[in-house]
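# Structural description and commentary
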Amino acid sequence: MIPFFPPDLFAEDRDALLEAVREVGTDPEQRFILGRRTAAFEDALRERLGAADVVACSSGTSALTLVLTAMGIGPGDEVVVPAFGCAPLAAAVAVLGAVPVFADIDPWTMVADPAAVEAAVTDRTAALMPAHMFSVMADMPRIADTARRHGLRLVEDSAVAQGGVLGGRPAGLWGEAGVFSFVQVKTFGTAGEGGAVVTRDPDLGQAVRMLRNHGQDGKQRFVHHRVGYNSRFDEVLAAFQLHRLPGLDARLRRRAEIADYYTARFAPLRERGVVAPPPGREGRCFYVYTLLAERRDDLKRHLERRGVGAHVYYPAPLPLQPAFARYAAPGDRWPNAESAARRNISIPVYPHLTDAQVEQVADAVCAFADPRREPQW
Ligand SMILES: *Cc1c(COP(=O)(O)O)cnc(C)c1O
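Residues numbered from 1 in each chain as written. Predicted model: local features only at pLDDT ≥ 70, side-chain atom pairs only at ≥ 80, totals over all residues. Heavy atoms only, no water.

Keep this limit in mind: UniProt positions are given in the numbering used here, feature names are shortened, and annotations may be inferred rather than shown by experiment.
The name an unreviewed UniProt entry gives the chain is dTDP-4-amino-4,6-dideoxygalactose transaminase, with Streptomonospora nanhaiensis as the organism. If you open the UniProt record of the chain and go to Sequence similarities (unreviewed entry), you find "Belongs to the DegT/DnrJ/EryC1 family."

### Examining the site of the ligand
Applied cut-off: The nearness test applies per residue and asks whether one of its heavy atoms lies within 4 Å of the molecule or strand. Polar contacts, as counted here, are pairs of nitrogen or oxygen atoms within 3.5 Å of one another; within protein the pair requires one atom able to donate a hydrogen and one able to accept it, and residues that are adjacent in sequence qualify only if both atoms are side-chain atoms. The accessible surface values rely on the Shrake-Rupley method and a 1.4 Å probe; as for residues, cover is taken only from the protein chains in view. Throughout, the ten residues Ala, Val, Leu, Ile, Met, Phe, Trp, Tyr, Cys and Pro are labelled nonpolar, Asp, Glu, Lys and Arg are labelled charged, and all others, Gly among them, are labelled polar.
The ligand sits among S59, G60, T61, C86, P88, D157, A159, V160, S181, V183, K186 and G194. Measuring from an oxygen atom of the ligand, one finds a backbone N or O atom of G60 at 2.8 Å. A distance of 2.6 Å is found between an oxygen atom of the ligand and a side-chain nitrogen or oxygen belonging to T61. Relative to its unbound accessible area of 380 Å², the ligand is 88% covered by the protein chains. When grouped by side-chain class, the residues that make up the shell around the ligand number five nonpolar, five polar and two charged.

### With respect to the pairing of strand β5 (residues 153–156)
Rule in force here: DSSP calls a pair of strands paired once it identifies at least 2 bridges connecting them. Helix numbering and strand numbering both begin at the N terminus, where a helix is a DSSP run of H or I of at least 4 residues and a strand a DSSP run of E of at least 2. Looking down the strands as they point away from you, a crossover is right-handed if its path from the first strand over the helix to the second goes clockwise.
Summarising the sheet, strand β4 (residues 125–128) and β5 pair through two bridges and their orientation is parallel. From the neighbouring strand, A127 faces β5, where its bridge partner is R153. Note on the crossover from β4 through helix α6 (residues 140–150) to β5: the handedness is right-handed. As paired elements, β5 and strand β8 (residues 177–181) share two bridges and run parallel to each other. Residue pairing for β8: V155 is matched across the bridge by A177.

### A look at the packing of helix α1 (residues 14–26) against helix α8 (residues 235–244)
Cut-off, in case you're wondering: Angular values range over 0 to 180 degrees, each being the angle between N-to-C directions of two axes fitted as lines to C-alpha atoms, with helices fitted over their stretch in contact. An angle below 35 degrees is treated as roughly parallel, one above 145 as roughly antiparallel, one from 65 to 115 as roughly perpendicular, and anything else as oblique. Take the far helix as your reference; a near helix turned counterclockwise from it by less than a right angle gives a left-handed crossing, and one turned clockwise gives a right-handed crossing. We call two residues in contact whenever any of their non-hydrogen atoms come within 4.5 Å of each other.
Axis separation between α1 and α8 bottoms out at 9 Å; the angle between their running directions is 140°. The orientation of α1 with respect to α8, classified from their angle, is oblique. Crossing hand, α1 versus α8: right-handed. Residues A16, L17, A20, V21 and V24 of α1 lie in contact with α8, whose contacting residues are E235, V236, A239, F240 and H243. Among the residues making up the contact of α1 with α8, the classes are represented as eight nonpolar, one polar and one charged.

### Digging into the layout of surface pockets
Heads up, the rule is: A cavity, in this analysis, means grid points on a 1 Å lattice covering only the protein atoms where a 1.4 Å probe fits yet has no way out; a pocket is instead an open set bounded by protein on both sides within 12 Å along at least five of seven lines, and a residue lines either one if it has an atom within 4 Å of a point. Grid points are joined across faces, edges and corners, and a volume is the space filled by probe spheres set on the points.
One number sums up the size of the largest pocket: a volume of about 560 Å³. R31, L34, N213, Q216 and G218 are, among the 23 residues lining the largest pocket, the residues nearest its centre. Among the secondary structure elements, those contributing two or more residues to the lining of the largest pocket are α2 (36–49) and α7 (202–212). The residue inventory of the lining of the largest pocket, partitioned by class, reads five nonpolar, nine polar and nine charged.

### With respect to the UniProt feature "active site" (unreviewed entry) in the chain
Using the following cut-off: Think of it in three bands: with a 1.4 Å probe and only protein chains considered, a residue is buried below 20% of the maximum accessible area for its type, exposed above 50%, and partly exposed in between.
UniProt records the feature "active site" (unreviewed entry) for K186 in the present numbering. Under the relative-accessibility criterion, K186 is labelled buried at 16%.

### Quick word on the UniProt feature "modified residue: N6-(pyridoxal phosphate)lysine" (unreviewed entry) in the chain
Taking the UniProt record as the reference, the feature "modified residue: N6-(pyridoxal phosphate)lysine" (unreviewed entry) is found at K186. Of note, K186 is situated in the loop between β8 and β9 (195–199). Other than its neighbours up to four places away in sequence, K186 contacts A159, V160, S181 and Y287.

### Let's talk about the domain arrangement of the chain
Rules: Domain ranges listed in this record stem from an automatic or a database domain assignment. Simply put, the buried area is the total loss of 1.4 Å probe accessible area from both parts when two parts are fitted together. One side-chain nitrogen of Lys or Arg within 4 Å of one carboxyl oxygen of Asp or Glu is enough to make a salt bridge.
Split by domain assignment, the chain resolves into domain 1 (11–246) and domain 2 (248–373). The C-alpha centroid of domain 2 is placed 25 Å from the C-alpha centroid of domain 1. Every contact between the two is made by 42 residues of domain 1 and, on the other side, 35 residues of domain 2. For the pair domain 1 and domain 2, the summed buried area comes to about 3,400 Å², and 64% of that belongs to carbon and sulfur atoms. Of all residues in domain 1, W108, F134 and S135 give up the largest surface area on contact with domain 2, accounting jointly for 22% of the area buried on that side. At the junction of domain 1 and domain 2, the tally comes to one salt bridge. Residues R48 and D249 are paired through a salt bridge, measuring 3.1 Å at the closest nitrogen-oxygen approach. Listed by contribution, the elements that provide at least two residues to the side of domain 1 that touches domain 2 are α4 (88–94), β3 (99–103) and β6 (165–166). Residue composition of the side of domain 1 that touches domain 2, grouped by class: 30 nonpolar, eight polar and four charged.

See the structure below:
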């Protein structure tokens, strides 16, 4: 069986993980959060990215909240988000008392349709918050242009896109601020929770840094300049991520290679109701590899019978979720988001898949789309 969520994700680094626990646990400093390892981790990410600041925090969700708070988003504001994606996109806006406004997506790439984003702008709009989805980056040039023309803040949910590059600019640096998530399953996942805010704006970075630790400035304790949060980062995880960072590029390359292979194999399936993501590496990331299939549930059962785990993300558009329905006007529709929710299915793309396993996954998908030609590939 090739699982969708592999239990041996950190097998190669297990000794390093235990060593990180030992090292931090026996360090005479006895400092478990926001210590020198967190600072070194932030520096390493900042240099790698060419950002003005990187602020490690407790999750990707929290990173979004910190950015929106730093920007002063609150009651009376609208933030345009994609209608298809993960709950934090809408929840991070809603918990601040602002209103998420849902823009429909592109039917193939599943990221926000820039025309729909533009059409969702009103005189209450304060910010645009596109998200990179699965393995495709949002159309940041057009959305950034909309933000510029309307004088709006731009937050980039790059939680899944670490390492992606669009038009020569890395994911995370297209918005005024971007975020990363280090939750286990993400491309730079860790053995627990974590996230980061990345930004080209040092003042925004400073504000986020303060908000991460109850509005303190890091110099004077118990002086609270702003109403903040507890969103601090763990030293054990900082040590572990520092250990894993040098291997990240090779793991991202392996993901991209697997995706290239899948996309080449799946190109002929398009007219038979199974659509692969766009080819190439420009504006791409390979967090998960997601197909659109007309008979999605049949495909999932077929793959499971052939020993291939598959996963369906987001079975409903955000505005059709009970939590967010109140932000949608009666009669509003998001046909492309609804179609993606009905058709999306993701297959394994993690870097430690062997070539033989990758071939097995591809064979299984191809056999579904054309059972007669099953062994011929
Ligand atoms: C995972 C994810 C988040 C949230 O990150 P957490 O670390 O799980 O809080 C936010 N946005 C997107 C697009 C994600 O995929």
